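Overview (structure and organization)
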Amino acid sequence: MSNPPRLLLRLALNILLAGLASLLPSILTAVLTYYAVVYLLHLPFIIVVGLAPLYYIVAKWCFKLFFLALARAQLRPVKEGLHGPGFEDENIRNWLINISLVDAVKYFVGDPPLGQTALRPPLLRLLGAKLGKGISLDDVTDPYLVEMEDGAVAGGRSFIVSHLSRDGKLYLKKVKIGRGALIGVRSTIFPGVEIGEGAVVAAHSLVPMDTKIPPYTLWAGAPAKQVETLRRKETKQ
């Protein structure tokens, strides 16, 4: 029987490596500041000391960036479908590593970074998500199992889930959201869901796994069901 991956050890090593890597830029910043203040500007040394918050900020953000780079490099490939039970299944082991890395990135880097929702898509792209232009989204469990086309929007507090426990096994499946589709606030999208172009999922809805939502339709409820057909937007020639 295979042992589970050593997630805590991996996390500790990543923190250590990112911490060590962030020391050099912060020390270099302090040295350059000292040289500029004391030798070039001929100001008191106390100013160098007073700029300590600057060195902290440099170290903090270098740590975040180094940690993100380490996590991105360690993401493992996983196959869609039912996996397990047991750690003998390579997909189970890889998924556990991936989910721990993604959660650690959200904690250390921020979700979203600096509290700015506009920075969430670039972060998720680095973690494997395939995102088009002009998209917006909130919480995602497995970025590498999410695809969103241009102009798609998942509202605030929406939750895109790409893994579930099914019959005692782990079920992994991509969530695909078409061009211009809209997911309302506080809605939950389960694995395998495909939302067609221009479709709308109403707020507070729950879309069951493997549901296929046709283009330009409105779905609502828990579980979500089709409510009506929407009028297609005419494109100007």
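Look above for the structure.
These lines cover the structure that appears in this document, whether it is placed above or below. Note that the coordinates shown come from a computational prediction; the quantities given were computed from them, not determined experimentally.

With respect to the sheet that holds strand β13 (residues 200-201)
Read across the open sheet, the five strands follow the order β5-β10-β13-β16-β17; overall the sheet is mixed. Either end of the sheet is taken by a strand with one partner, and the two such strands are β5 (153-154) and β17 (224-229). Sheet analysis places β13 next to strand β16 (residues 217-221), joined by two bridges and oriented parallel. Considered in β16, the bridge of V200 is made with L218.

Details of the pairing of β17
Two faces make up the sheet, and in a regular strand the side chains alternate between them. In the sheet, β16 pairs with β17 via five bridges, with the strands oriented antiparallel. If you follow A220 over to β17, its bridge partner there is K225. Counting the residues between successive antiparallel strands, the hairpin from β16 to β17 contains two residues.

Overview of the side chain of N98
As for its position among the elements, N98 is in helix α4 (residues 90-109). For N98, a relative accessible area of 0% corresponds to the buried category. Sequence-distant contacts of N98, that is, excluding residues within four places in its chain, are made with Q74, L75, R76, V78 and Y144.

Some words on the pattern of salt bridges
Summed over the entire model, instances satisfying the criterion amount to seven salt bridges. K106 is the salt-bridge partner of D139, the closest N and O atoms lying 3.1 Å from each other. Remark: K106 occurs in helix α4 and D139 occurs in strand β3 (residues 139-140); sequence separation between them is 33 residues. We classify K106 as buried; its relative accessible area is 17%. Taking the shortest distance from any N to any O, the salt bridge between R179 and D150 comes out at 3.5 Å. In this pair, R179 sits in the loop between β9 (175-177) and β10 (182-183) while D150 sits in the loop between β4 (146-148) and β5, placing the two residues 29 residues apart along the sequence.

Examining unusual backbone geometry
Glycine aside, negative phi is the norm for most residues, and most peptide bonds take the trans geometry. The omega angle of the peptide bond from G84 to P85 is 0°, so this bond is cis rather than trans. Take P85: it is sitting in the loop between β1 (81-83) and α4. Cis geometry is found at the peptide bond from A222 to P223, where omega equals 5°. One can find P223 in the loop between β16 and β17. Backbone geometry at H42 places phi at a positive 55°, although glycine is not the residue there. Note that H42 resides in the loop between α1 (7-40) and α2 (45-50).

A few points about the packing of helix α3 (residues 52-74) against α4
Their axes nearest at 10 Å, the elements α3 and α4 cross at an angle of 165°. When the axes of α3 and α4 are compared, the pair comes out roughly antiparallel. The crossing of α3 and α4 is left-handed. Of α4, the residues touching α3 (which contributes F63, K64, F67, L68, A71 and Q74) are I97, N98, L101, A104, V105, F108 and V109. Of the residues assigned to the contact of α3 with α4, the class counts are 10 nonpolar, two polar and one charged.

Reading the values: the criteria
Residues numbered from 1 in each chain as written. Predicted model: local features only at pLDDT ≥ 70, side-chain atom pairs only at ≥ 80, totals over all residues. Heavy atoms only, no water. Pairing = 2+ DSSP bridges. Helix = DSSP H or I, 4+ residues; strand = E, 2+ residues; numbered from the N terminus. Buried < 20%, exposed > 50% of the residue type's maximum accessible area, 1.4 Å probe, protein only. Contact = heavy atoms within 4.5 Å. Salt bridge = Lys/Arg side-chain N within 4 Å of Asp/Glu carboxyl O. Axes fitted to C-alpha atoms, helices over the stretch in contact; angles between N-to-C directions. Parallel < 35°, antiparallel > 145°, perpendicular 65-115°, else oblique. Left-handed = near helix turned anticlockwise from the far one by under 90°. Nonpolar A, V, L, I, M, F, W, Y, C, P; charged D, E, K, R; others polar.

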